[in-house]
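Survey of secondary and tertiary structure
One letter stands for each residue in the lines below.
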Amino acid sequence: MSDQDRKSCYEREDDVYGPNNNNSLYSNGTLHYCSIYSQRTVQETKGWDVFREFPRKQDSGSMESQKCLEFTVRLLKVLAYLITFVVVLGSGVLAKGTVLFMTSQLKKDRRLAYCNRDLGRDKQFVVSLPDEERVAWMWALLAAFAIPEIGTLIRSVRICFFKSSKQPRSAQFIAVFIAESLHTIGVALLFFKVLPELDVVKGAMITNCLCIIPAILTLLSRNSRDSKRFVKVIVDMAAIVAQVTGIIVWPLLENKPVLWLIPISTFCISLGWWENYVTRQSPIGIIKTLGRLKDDLNVSRYYIYRFISVWKILLFLVCIVCSVWMDGDDPAMFFQLFSAGFGPHNIVVEEVQVTLGGTVVPDLANVTLTGDSVEVAAAYKSAFYVMLIQIFAAYFCYVFGKFACKILIQGFSYAFPVNLVIPLVVNLLIAACGIRNGDNCFFHGTVPDYLFFESPSVFTLKDFITRQMAWVWLLWLLSQTWITIHIWTPKAERLASTEKLFVVPMYNGLLIDQSMALNRKRDDQKDVKTEDLAEIEKEKGDEYYETISVHTDNTSSVPKTIKSSDQITRIYACATMWHETKDEMIEFLKSILRMDEDQCARRVAQKYLRVVDPDYYEFETQIFLDDAFEISDHSDDDSQVNRFVKLLVDTIDEAASEVHQTNIRIRPPKKLPAPYGGRLTWILPGKTKMICHLKDKAKIRHRKRWSQVMYMYYLLGHRLMELPISVDRKEVMAENTYLLTLDGDIDFQPPAVRLLIDLMKKNKNLGAACGRIHPVGSGPMVWYQLFEYAIGHWLQKATEHMIGCVLCSPGCFSLFRGKALMDDNVMKKYTLRSDEARHYVQYDQGEDRWLCTLLLQRGYRVEYSAASDAYTHCPEGFSEFYNQRRRWVPSTIANIMDLLVDYKHTIKINDNISTPYIAYQMMLMGGTILGPGTIFLMLVGAFVAAFRIDNWTSFEYNLYPILLFMFVCFTMKADIQLLVAQILSTAYAMIMMAVIVGTALQLGEDGIGSPSAIFLIALSSSFFIAACLHPQEFFCVVPGIIYLLSIPSMYLLLILYSIINLNVVSWGTREVQTKKTKKEIEEEKKEAEEAKKKAKQKSLLGFLQGVNKNEEEGSIEFSFAGLFKCMLCTHEKGGEEKVQLLHIANTLEKLEKKIENVERTIDPHGVSRGRKLSVGLRGSTNGDHLDALAEGPEGDNSSDSETDTLSTSPRERRDDLINPYWIEDPDLKKGEVDFLSQTEIQFWKDLLDKYLYPIDANKEEQTRIAKDLKELRDSSVFSFFMINALFVLIVFLLQLNKDNLHFKWPLGVKTNITLDEATQEVIISKEYLQLEPIGLVFVFFFALILVIQFTAMLFHRFGTLSHILSSTELNWFCTKKSEDLSQDALLDKNAIAIVKDLQKLNGLDDDYDNDSGSGPHNVGRRKTIHNLEKAKQKKRNIGTLDVAFKKRFFNMNANDGPGTPVLNRKMTLRRETLKALETRRNSVMAERRKSQMQTLGANNEYGVTGMVNLNNNHGAPRHRTSTANISVKDVFAEPNGGQVNRAYETSLGDEDENSMRLQPRPNQVSFQGRY
């Protein structure tokens, strides 16, 4: 190898691993040379062999076309924008208008022109409201204020009693008490003293002046870190001035002393929103103190508001009474006139003299009364109706506004309508008052003539602006908009909780728009900010990706501060694999590779585009492959990986090619020996790790539960808890660390994981979340499971989610919070060894359900996300399905019973589980246990209806097959049981078809009103409506007919099969035959021969033949066709063959001992080895006396070939932690060999010793467990049988006496009319349907469950729709024109999508899309020969996503327009986007140059300059490298730019212009003392 190549090789290694990586070339201070020839494979393409095969894009499972769904969801989001906008604006205007309507009726002795249409058109009338009417409107205002406060009280009590809230300090309580009391007094003054004295237009305007305290606090909270602080301070001061003018303008203009209450009321009201405008970052001490007080209130708010909400209602009531007293009335009037105000009373209408001006009354206060009056009946319910309108309008405004915030449409559908409320109210009031004053009868028949708004005196817009100071109101409106500017730029996460959205969880019903704007939180920042990016890069290394970094500090003391990087979401995909097929593995690997691609895009977007991504996460895959080893082919003493491991290694390239739509090869895995077996490590194209742990069942316990224990203790115990960081940082990291549990055949998309993460971020008490599992496969059993899974998720899981907690989060696709798993009685208890019979059922047969039970019993919540789709292969055969359910049914019953038995403790500790939920689960458990009896009775009744036989005969016919099946299950093997079950299931399916027909005929006779018809229609309707609400899964209801036909099989036979086989604890699915040693094979042969001989001796033919036990033979023998044999002079057969074999065995044993003696003499200490091995070169190190034979660079199988001849070469000594036999398997490819650190080796040894050591096959223990399992089975079957037998007996006896014991069904009554010819009387009789006992059970039990589940499903669908809408991004042209958005806004909004396009491997280097030209019109236009020739010249691909991104990122040029050659045909970027990308690229490079100026002479992280350090630093830390004085072209351009990822194996080809190989540049930085 030349120095040039060697130096390039070093640089490649440095680029791949990064300067901060532990797996660097300098492991243990030793430099390991990399060989070009051993690392790369030369691929020479012959001219005749240039034809290609591209991976076909298959749309199956999660890859199915989602275009229709995406379009529908986008359409729904547009509708959500519009509907929410209209509802928030409309309800806000309605609530504000009705409040002003109420205040208009409060003024004492107010006169209003009355419509003369009913009293005389030639006359004019006025009306004054009596005290009864005024009191009614006062009560209406009190109710409008009190209803939201009652809501606050209910919410506070619920959270304090069912969840948790801390008791506040006295300072906290006093602060809230004073602020809320003053706020309430201010509201009362404004609505009972100020607004009645103003016209409604001025009243509406004055509500824009309620922000004086928030404006002052905003100014005082500005700190030096605010951008453009000076400008903001100026605007703050202007807003304060505008608010002050609003306080004084009306008292000065109007000659009413009472209006001087405006400054007092507005000051007191605005004080109620102080909490949202103070911060701990303020430079002013008192504001800092208030900021700390605000933070403390987050945990004690609900405790305080239990009392404050009641106090506010009482205080408001006292203020109303005081207002009545101030008006000169008796305060008792407020209570005495309550019934009169809301009951019938009269209104006195007085006639006035007609003025010359027509019907318009200019000044009602100075009119002349004629003395005539008329009493008209009051519309006394008006106050109640207006109050209801106001309450519901305010509530809808709040609810839809909160919905807009949750689904991230706050700008258009929350902030915009809230700010539009007052302008729209003002305009509508001006118009309405003008019309009413022009025509008193305009609203006649709509609004009572004696009620209307307090109208202003000027109605033309011009006069209004000049004489009513409307231009000042615009300043108030703008100042309120500035003070509440934060509602335009929300920063909350998707589906944020109410506590994260609002300061006080409810609203002020009288000031709904101000409450919505000022109560919306403004300090809900993201966890990861732009300024944290440098710290994140520094901690986890730049080019090589580590999931959890070891945060070491230079100082001896460990800092307790929590870093921003600790809050990054960390996802560990933990998959358990066992005997998966190739197709299943490919689906799983594709899912992992899609996650790798998505994570890479988010990382690159943050790193190069400087975009803050709220959904950023770190990702690592851990695969735990059970039973990965088998006995090697050449020796029983060595182990080799089995075919499933080799299949995994072989299929990863195919999976990667399908995901990236181009032929790529992943770098062979790094192989590491481990105490539990071994480990394979891949670096995927997106630079995330995929680690496969190969479990040897001879060294560690196998099965899924113990694999889960492995990854919990490894990731959360070793990788997290042993970090040398503070406990505070570990706490935050554990809260943001998630384990994504997967099966080896799962298929999912990255958005499905993101949706589960959203749930976790929304609720810190959430311990686990699961998605919607879709079964995949073909055949009738899969069709049955399609419907079963659909109904189970639509109804059962949705109900559990809504009214309590999901009881089982399936291990095939679930997300668990690390902190929850690490809690007491969860992880530790999960390691419990099964020593009792029930443990095998509860712990080992249903480990996922047991883990969730442990979480629930520790107070955590488990949720279900219907929008998170995953696809898994389900059993396709009858036997496999039955065996799977044989495990599930008993474990489900055992775990639910465990929860129900301990329900008091669970209710006490878990906020989400209540007594009604436990009652619901008890109902379901009762239905499960009584299911066989119920189905049996149903069959009995159906036989009677369908076949017209009596009850006893039907009972007898149905009893025989059940008893037969139970007898078979007790006495015969599993395969016979399954065969009988299959036969009976087929028979029952045909019988069920006849039953369905008979039932349909019966329904025709009974009519649609019969109980059976109603129940059937309700059941079918609920399924149909559920399917309509799940349009993507609508066709899952089609197999419902199979489900109906299978009811006896699944709810009768399957339950019996599961209970009777309770003692069988084998897995039952994916079983394969294990490879056996030669000794075991020989023993089995001997046993088979012995058994054959014994069987032959016992047979009649053997007796007749006289089989000779002593193997004698005779000198003279006679036989007759082998039937009779006569032997003379008998003697024993010779044993020459046995003697020879014994002699050979003794000789071989002697030779083996001699060879061992020779080896000990030559090498007494064994072969010493380095820490790194190169597969294929098993050479000895210096100092060895013998040189072992070395394999060629390509390797072959000759050394592993099977031979029975005696080898004269010495047997190599093997250490399972240094050179195990499996590590040299050529089927594992020629990956690098590495070793675990001593710390990790010790961890695994300790874990094995304590929890995971293999359970030895103790015959006595196994016998005891088998006996206990049988006893458990017998007792369970007896209890189960007795309960069902008693249930059947009771209901059947009631059924026989239905003529005496029945209920008359009120519907479907038949009327019979008969004529008695003898007496000529018409006899009319009614025939009622009888609700029989069994019908009563069905109607009240199952109907109740159906109603509960259907209602919960509706609510859950709304929550799921909200989740989907919040995760849906509309293109920018759907919400704003691109011209309206800045370049940065364009880039920030679409950064992830842009990066995903730029990092695509497909289409790089002008590769054509393999689907291009596939249409019928483009076939002839394909440039097939050109493409083949181009492919022939290509020497290598680029298998690293960030390299592809960098290449396109550099070559992109906005001036070339959208047709930039580096973009593939399907990727079209607007010119504005290209310009934004170019600007961002230049700014990033400028930042890098600025930071690199301080580190001249350091190593370049891009490998552009410099050489590797050959000094023996022996563990000295390698610092980050510099790119000083390097232009953008130096970094990205060929041939010096980019990076080569060792995850991708490429071919040679230095002349390839796109090879991105790293070449040394001329010495720009000197390296002195390096050699």
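Fair warning: this is a prediction, and the values are worked out from it, not measured in the lab.

1. Some points on the overall build of the protein chain
The secondary structure content of the protein chain amounts to 51 helices and 22 strands. Put simply, 79% of the contacts in the protein chain that link residues at least 6 apart link residues at least 24 apart. For the protein chain, the accessible area works out to roughly 74,000 Å², and carbon and sulfur atoms hold 59% of it.

2. Side note on the pattern of salt bridges
According to the stated counting rule, one finds 51 salt bridges in the structure shown. As a salt-bridge pair, R885 and E788 come within 2.7 Å of each other at their nearest N and O atoms. Within this pair, whereas R885 is found in helix α30 (residues 878-901), its partner E788 is found in helix α25 (residues 780-803), the two being separated by 97 residues in sequence. R885 gets classed as buried once you look at its relative accessible area, which sits at 7%. For the salt bridge of E836 with R838, the shortest nitrogen-to-oxygen distance reads 3.7 Å. Residue E836 is classed as partly exposed on the basis of its relative accessible area of 41%. The structure contains a network of salt bridges with shared partners spanning K108, D131, R134, K193, D327 and D329.

3. Quick word on the packing of α25 against α30
Where α25 contacts α30, the two axes come as close as 10 Å, and the packing angle between them is 35°. Listed contacts from α30 to M781, Y784, Q785, E788 and Y789 of α25 are F878, F881, Q884, R885 and W888. For the contact of α25 with α30, the residue count by class is 6 nonpolar, 2 polar and 2 charged.

4. Some remarks on the nonpolar core
One finds L739, L821, Y882, F965 and L1252 to be the most contacted residues of the largest nonpolar core, which totals 110 residues. Per-element tally for this core: the top contributor is helix α38 (residues 1047-1060), with 10 residues. Setting aside residues no more than four positions away along its own chain, L739 makes contact with Y572, C574, Y711, M712, L715, L716, S814, L815, F816 and L821. Among the nonpolar cores identified, the runner-up in size contains 107 residues, and L106, L189, L293 and F453 belong to it.

5. Regarding the sheet that holds strand β3 (residues 346-352)
With antiparallel pairing, 4 strands are arranged side by side in an open sheet as β1-β2-β3-β4. Edge positions in the open sheet fall to β1 (111-114) and β4 (369-377), since each of these has one partner strand only. For this sheet the average axis-to-axis angle between neighbouring strands, irrespective of direction, equals 35°. Where β3 lies against β4, 6 bridges are found, and the strand directions are antiparallel. From the neighbouring strand, V348 faces β4, where its bridge partner is E375.

6. Some points on the packing of aromatic side chains
As enumerated under the stated definition, the model contains 55 aromatic pairs in all. Judged by centre distance (4.9 Å) and plane angle (70°), the rings of W139 and F338 are edge-to-face. Highlighted residues: W139 in helix α4 (residues 131-162) and F338 in helix α12 (residues 338-341), separated in sequence by 199 residues. Residue classification places F338 among the partly exposed positions, given a relative accessible area of 38%. Each residue in the set Y784, F787, F878, F881, Y882, F1023, Y1043, Y1051 and Y1057 is aromatic and connected to the rest through ring pairs, giving one cluster. Positioned over the ring face of Y1253 is R701, at 4.6 Å from the centre of the ring. Geometry around Y830 places R705 over its ring, the cationic atom sitting 5.9 Å from the centre.

7. Details of the packing of helix α3 (residues 67-104) against helix α14 (residues 410-438)
Interaxial distance between α3 and α14 falls to 8 Å at its minimum, and their mutual angle equals 40°. Relative to α14, α3 is oriented oblique. Between α3 and α14 lies a crossing whose hand is right-handed. Counted together, A80, Y81, L82, T84, F85, V88, L89, G92, V93, K96 and L100 of α3 and F412, S413, F416, P417, V418, L420, V421, I422, L424, V425, L428 and L429 of α14 form the full contact between these two elements. Here the residues of the contact of α3 with α14 sort into 19 nonpolar, 3 polar and 1 charged.

8. Some points on the pairing of strand β16 (residues 861-873)
Every regular strand shows the same layout, with side chains that alternate between the two sheet faces. Most of β16 sits inside the fold, with 12 of its 13 residues counted as buried. By the bridge criterion, 2 bridges tie strand β13 (residues 747-748) to β16 in an arrangement that is antiparallel. In the sheet register, F748 faces β16, and the bridge partner there is A870. Where strand β14 (residues 766-776) meets β16, 10 bridges bridge the pair, whose relative direction is parallel. Note on β16: the bridge partner recorded for P775 is T872.

9. Remarks on the side chain of E1224
Along the polypeptide, E1224 turns up in the loop between β19 (1173-1174) and β20 (1232-1233). A polar contact is formed between the side chain of E1224 and the side chain of R1214, at a distance of 3.3 Å.

10. A closer look at α14
Here α14 spans 40 Å end to end across 29 residues, near enough to the 42 Å set by a 1.5 Å rise per residue. Along its length, α14 shows its largest kink, about 35°, at V421, and proline P423 lies within four residues downstream of that point.

11. Some details on the state of the cysteines
Tallied over the entire structure, the rule returns 1 disulfide. Two residues share a disulfide in this structure: C115 and C441, whose sulfurs sit 1.9 Å from each other. Sign of the S-S torsion, about 105° for the bond between C115 and C441, identifies this disulfide as right-handed. Of this pair, C115 sits in the loop between β1 and β2 (124-128) while C441 sits in the loop between α14 and α15 (461-467); the two residues are 326 residues apart in sequence, bridging distant segments of the chain. We note that C115, like C441, is buried.

12. Points about a nonpolar patch on the surface
Taken together, the side chains of M802, I803, F1024, I1025, L1029, L1354 and F1355 present a nonpolar region at the surface, about 600 Å² in accessible area. Elements represented by at least two residues in the nonpolar patch include exactly α25, α36 (1011-1029) and α44 (1333-1367). Considering each element in turn, the nonpolar patch owes the most residues, 3 residues, to α36. Take M802: it is sitting in helix α25. In this structure M802 comes out as partly exposed when scored by relative accessible area, which is 36%.

13. Here we look at unusual backbone geometry
One non-glycine residue, D109, lies in the positive phi region at around 60°. Summarising the element assignment, D109 is placed in the loop between α3 and β1. Using a relative accessible area of 63% as the deciding quantity, one classes D109 as exposed.

14. A word on the side chain of N276
You can see N276 is positioned in the loop between α9 (261-271) and α10 (285-326). At 2.7 Å, the side chain of N276 forms a polar contact with the backbone oxygen of R520. With sequence-adjacent residues up to four places away left out, N276 is seen in contact with H486, V503, L518, N519, R520, K521 and R522.

15. Topic: the environment of W706
Considering the arrangement of structural elements, one finds W706 in helix α22 (residues 704-721). Using a relative accessible area of 7% as the deciding quantity, one classes W706 as buried. For the pair W706 and D844, spaced 138 residues apart in sequence, the C-alpha separation works out to 9.3 Å. With residues near it in sequence (within four places) discarded, W706 still touches K695, R701, T831, L832, R833, Y1251 and L1252.

16. A short note on the confidence of the model for the protein chain
Here the protein chain shows a mean pLDDT of 77. Residues at 70 or above account for 74%. When the criterion is pLDDT under 50, residues 524-531 qualifies, and its contacts beyond four places in sequence or with other chains add up to 16 contacts. Here residues 1372-1380 is modelled with pLDDT under 50, and outside its nearest four sequence neighbours on either side it reaches 13 contacts, counting other chains as well.

17. Re the environment of V244
Mapped onto the secondary structure, V244 falls in helix α8 (residues 229-253). With a relative accessible area of 37%, V244 lands in the partly exposed category.

18. Considering the environment of C68
Position of C68 relative to the elements: it lies in helix α3. Classification of C68 by relative accessible area gives exposed; the value is 60%.

Basis of the calculations
- Residues numbered from 1 in each chain as written.
- Predicted model: local features only at pLDDT ≥ 70, side-chain atom pairs only at ≥ 80, totals over all residues.
- Heavy atoms only, no water.
- Helix = DSSP H or I, 4+ residues; strand = E, 2+ residues; numbered from the N terminus.
- Contact = heavy atoms within 4.5 Å.
- Areas by Shrake-Rupley, 256 points an atom, 1.4 Å probe, with all protein chains shown as cover.
- Salt bridge = Lys/Arg side-chain N within 4 Å of Asp/Glu carboxyl O.
- Buried < 20%, exposed > 50% of the residue type's maximum accessible area, 1.4 Å probe, protein only.
- Axes fitted to C-alpha atoms, helices over the stretch in contact; angles between N-to-C directions.
- Nonpolar A, V, L, I, M, F, W, Y, C, P; charged D, E, K, R; others polar.
- Core = buried A, V, L, I, M, F, W, Y, C linked by side-chain atoms within 4.5 Å.
- Pairing = 2+ DSSP bridges.
- Phe/Tyr/Trp six-rings, centres within 6.5 Å; stacked < 30°, edge-to-face > 60°.
- Lys NZ or Arg CZ within 6 Å of the ring centre and 35° of its normal.
- Parallel < 35°, antiparallel > 145°, perpendicular 65-115°, else oblique.
- Left-handed = near helix turned anticlockwise from the far one by under 90°.
- Polar contact = N/O pair within 3.5 Å; in protein donor to acceptor, adjacent residues only side chain to side chain.
- Expected span 1.5 Å × (residues − 1).
- Bend = angle between axes of the 7 residues up to and from the residue.
- Disulfide = S-S within 2.5 Å.
- Patch = residues over 30% accessible without salt bridge, like charges linked within 9 Å, V, L, I, M, F, W, Y side chains within 5 Å.
- pLDDT = per-residue confidence, 0-100.

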